[in-house]
Every structure is written in structure tokens, then in C-alpha cells.
Amino acid sequence: MEVKNIMNDRVVFCRGTETIRCAVSKMYAYNIGSVLVVDDRGAPIGIFTERDLVRVIAEGISLDTPLEKLAEKELIKVYPNDSIYIAAQKMIEHGIRHIPVVDAGRVVGILSIRDALRYLISLEGAYP
């Protein structure tokens, strides 16, 4: 099975110049665990996750800090035609739970560990 068949194509994002508060508000509003961070051209520069929020709180970082100060990091990604197994392997290898799906330099979706696990469990007929 290819990533494009189970990814979520609703990508929620904040610009790097927006604050952590933007990401947290969108994560709450959309009931999601991560927000893509993009530059002024809309190109992905990172991802802000629930784990990042825990670090922010633990380190006393202000919620008014621009996301670009926290989210700029090597963006691990997969492609729409990659197999679920490749995506799961990357997620395990890098200890991440959300991975952007990129096509022609554009983010076209997000795959969560829950999406991948749901698919893998469905192979055994144990999950609808």
C-alpha cells in the first residue's frame, strides 16, 4: 500500500513568523498532534508537535516565540508513492509520530503513526 492511499491530505500549517500560540491553537481547534511550519513562500521548514509543546512548557519558553526559532530542523519526509513500510521505518528510525508527504517540493499530506498503524492492523482483519 502506498502512503497516498492513507495519508491525511488536510495539511494544517502556521508560518515560521507566527508564534507557538498559533500552532497550539490550531492543534486544539483541529484536534491534531502537529502543525506544519512554512516560510513566507509556503515552503515547509519544519513541524511543531505535541512533543515540542511539552519541551516548550518544561523549558519555560514563551508561547509568543516565533515558530521558526523552534521548528527549523531537518524535515524528515516521504513521498506519495512510498510504501507504508518505508514511512513506518522512517518514523521509527527518527522517533517521530507525524511525517509530511511531499510531491514535487510541495507538502500534499501528513501521515501519522496512527494512520500507519491503523492500516497495518487492518491487514490482519482486526480493525475496520
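The paragraphs below set out a description of the structure included in this document. Not measured: the values here are computed from a predicted model. (Residues numbered from 1 in each chain as written. Predicted model: local features only at pLDDT ≥ 70, side-chain atom pairs only at ≥ 80, totals over all residues. Heavy atoms only, no water.)

### Some words on the overall build of the chain
- When its secondary structure is counted, the chain shows five helices and five strands.
- For the chain, the sequential pattern of α-helices and β-strands runs β-α-β-β-α-α-α-β-β-α.
- Against the globule reference of 14 Å for 128 residues, the chain gives a C-alpha radius of gyration of 15 Å, in line with a compact fold.
- Across its three principal directions, the C-alpha atoms of the chain cover 45 × 30 × 25 Å.
- Each of the 128 residues in the chain was classed as buried or not, and the buried ones make up 40%.
- Partitioning the intrachain contacts of the chain with sequence separation of at least 6 by distance along the chain shows that 51% fall at a separation of at least 24.
- Working note: accessible area of the chain is about 7600 Å², and carbon and sulfur atoms make up 51% of it. (Helix = DSSP H or I, 4+ residues; strand = E, 2+ residues; numbered from the N terminus. Rg over C-alpha atoms; globule rule 2.2 N^0.38 Å. Buried < 20%, exposed > 50% of the residue type's maximum accessible area, 1.4 Å probe, protein only. Contact = heavy atoms within 4.5 Å. Areas by Shrake-Rupley, 256 points an atom, 1.4 Å probe, with all protein chains shown as cover.)

### As for the pairing of strand 3 (residues 44-49)
- The element strand 3 is extensively covered by neighbouring structure, given that five of its six residues are classed as buried.
- Pairing of strand 2 (residues 34-38) with strand 3 involves five bridges; the strand directions are antiparallel. Opposite Val-35, over in strand 3, you have Phe-48 as the bridge partner.
- Counting the residues in the hairpin turn of strand 2 and strand 3 gives five residues, including Gly-42, whose phi is positive at 90°. (Pairing = 2+ DSSP bridges.)

### A look at the pattern of salt bridges
- Under the defined criterion, the tally for this structure stands at four salt bridges.
- When the shortest N-O distance is used, the salt bridge between Arg-41 and Asp-39 registers 3.4 Å.
- Given a relative accessible area of 71%, Arg-41 falls into the exposed group. (Salt bridge = Lys/Arg side-chain N within 4 Å of Asp/Glu carboxyl O.)

### Some points on the packing of aromatic side chains
- Applying the stated rule across the entire model yields zero aromatic pairs.
- Taking NZ or CZ as reference, Lys-26 lies 5.6 Å from the ring centre of Phe-13, over its face. (Phe/Tyr/Trp six-rings, centres within 6.5 Å; stacked < 30°, edge-to-face > 60°. Lys NZ or Arg CZ within 6 Å of the ring centre and 35° of its normal.)

### Details of the state of the cysteines
- Evaluated as defined, the whole model comprises one disulfide.
- Between the sulfur atoms of Cys-14 and its disulfide partner Cys-22 the distance amounts to 2.3 Å. Around the S-S axis, the bridge from Cys-14 to Cys-22 shows a dihedral of about -90° and counts as left-handed.
- For Cys-14, a relative accessible area of 0% translates into the label buried. (Disulfide = S-S within 2.5 Å.)

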